[in-house]
Protein chains: 2
Amino acid sequence: MYSVVPIGHVRHGYSDDEVKRRGAVDAVIEVLPEFEAGLAGVEEYSHIIMVAYLHKFRGRPLVVRPKRVQGAPEVGVFATDSPDRPNPIAVTVARLVRREGRLLYVEGVDLFDGTPVLDIKGFSPKRCPEGARAPWWAD
Amino acid sequence: MYSVVPIGHVRHGYSDDEVKRRGAVDAVIEVLPEFEAGLAGVEEYSHIIMVAYLHKFRGRPLVVRPKRVQGAPEVGVFATDSPDRPNPIAVTVARLVRREGRLLYVEGVDLFDGTPVLDIKGFSPKRCPEGARAPWWAD
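The structure presented is a predicted model; accordingly, all values stated were derived computationally and were not measured.

A.B. asks: Can you break down the interface of chain B and chain A residue by residue, with the values?
C.D. replies: Of the residues lining the interface, 61 residues belong to chain B; the matching set on chain A comes to 61 residues. A combined buried area of about 5600 Å² lies between chain B and chain A, and 60% of that area is made up of carbon and sulfur atoms. Viewed at the interface, chain A and chain B are joined by four salt bridges. Inspection of the region where chain B meets chain A yields 30 residue pairs in polar contact (both at pLDDT 80 or more). Looking at the side of chain B that touches chain A, the elements with two or more residues in it are β1 (2-4), β4 (47-53), β6 (75-76), β7 (89-100) and β9 (116-122) of chain B.

A.B. asks: Account for the side chain of His12 of chain B, with residues named and values stated.
C.D. replies: All names here are of chain B. Within the fold, His12 resides in the loop between β2 (8-11) and α1 (16-22). Separated by 2.8 Å, the side chain of His12 and the backbone oxygen of Leu111 make a polar contact. When neighbours within four sequence positions are excluded, His12 is seen to be in contact with Val19, Val25, Asp26, Ala27, Leu111, Phe112 and Asp113.

A.B. asks: Tell me about the sheet that holds strand β8 (residues 103-109) of chain A, residues and numbers included.
C.D. replies: All names here are of chain A. With antiparallel pairing, six strands are arranged side by side around a closed barrel as β2-β3-β8-β7-β4-β9. Averaged over neighbouring strand pairs, the angle between their axes works out to 45° when direction is ignored. Taken together, the seven bridges between strand β4 (residues 47-53) and strand β7 (residues 89-100) define a ladder with antiparallel strand orientation. Paired with Ile48 across the bridge in β7 is Ala94.

What counts, and where the lines are drawn
Residues numbered from 1 in each chain as written. Chains lettered and ligands numbered in written order. Predicted model: local features only at pLDDT ≥ 70, side-chain atom pairs only at ≥ 80, totals over all residues. Heavy atoms only, no water. Contact = heavy atoms within 4.5 Å. Buried area = accessible area lost by both parts, 1.4 Å probe. Salt bridge = Lys/Arg side-chain N within 4 Å of Asp/Glu carboxyl O. Polar contact = N/O pair within 3.5 Å; in protein donor to acceptor, adjacent residues only side chain to side chain. Helix = DSSP H or I, 4+ residues; strand = E, 2+ residues; numbered from the N terminus. Pairing = 2+ DSSP bridges. Axes fitted to C-alpha atoms, helices over the stretch in contact; angles between N-to-C directions.

Okay, here's the thing in structure tokens:
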């Protein structure tokens, strides 16, 4: 077992239901003051990867049915993006609109208000392998 | 603070120095027996995302100089892929060669032998935003 700490939190003020309805919202990532120096240069990326801890989920099903794809089969959680998984860790790529000190203004976040952020990484297109294929039921 | 558990481990038998020298190696991800059911369907992806806990790193510098890019400036850890960061979490995309039960044979892993894996997600090209830009010093 390992312990991890929040380096910041998602802020947007929408209710959880509203986030589910919209799918993705604009948000501010409020990085904790003690970690602000770690953001230097991040504003040079158009997009960032956020590793978030989905604190409202801690189900441990191992088999799920992708919700957003009609007719999807039951598959293992590791083949999906379900928030209910052994470690409720999300990996989200969002557009970085601007940085103001320790605040990162982002677009396209499917995370609830108050979600702890464990890490931020600048997104480089090099991370995307060429010719990658996903099954039809991938959400 | 949150706790996370390994769902498996990286196995390849190379020394840490050899992994650093090669940059990336072929490996087997050995998922723990109790999580095997979560892998159903993952073999339909050509690539997987591994979220790993870099157990040999726990430096907490907030400013680093990207090592693999000559002349790179000092920037914040959140603008880099440095393993030394507040939470030593790696997000790695690797080609999935094949699955044999709870063993995933992968290519292109820059993780040390024995590294705990916290999560696996099927990689969908939808995760890559169009027109993303990274700075010249991104590694």
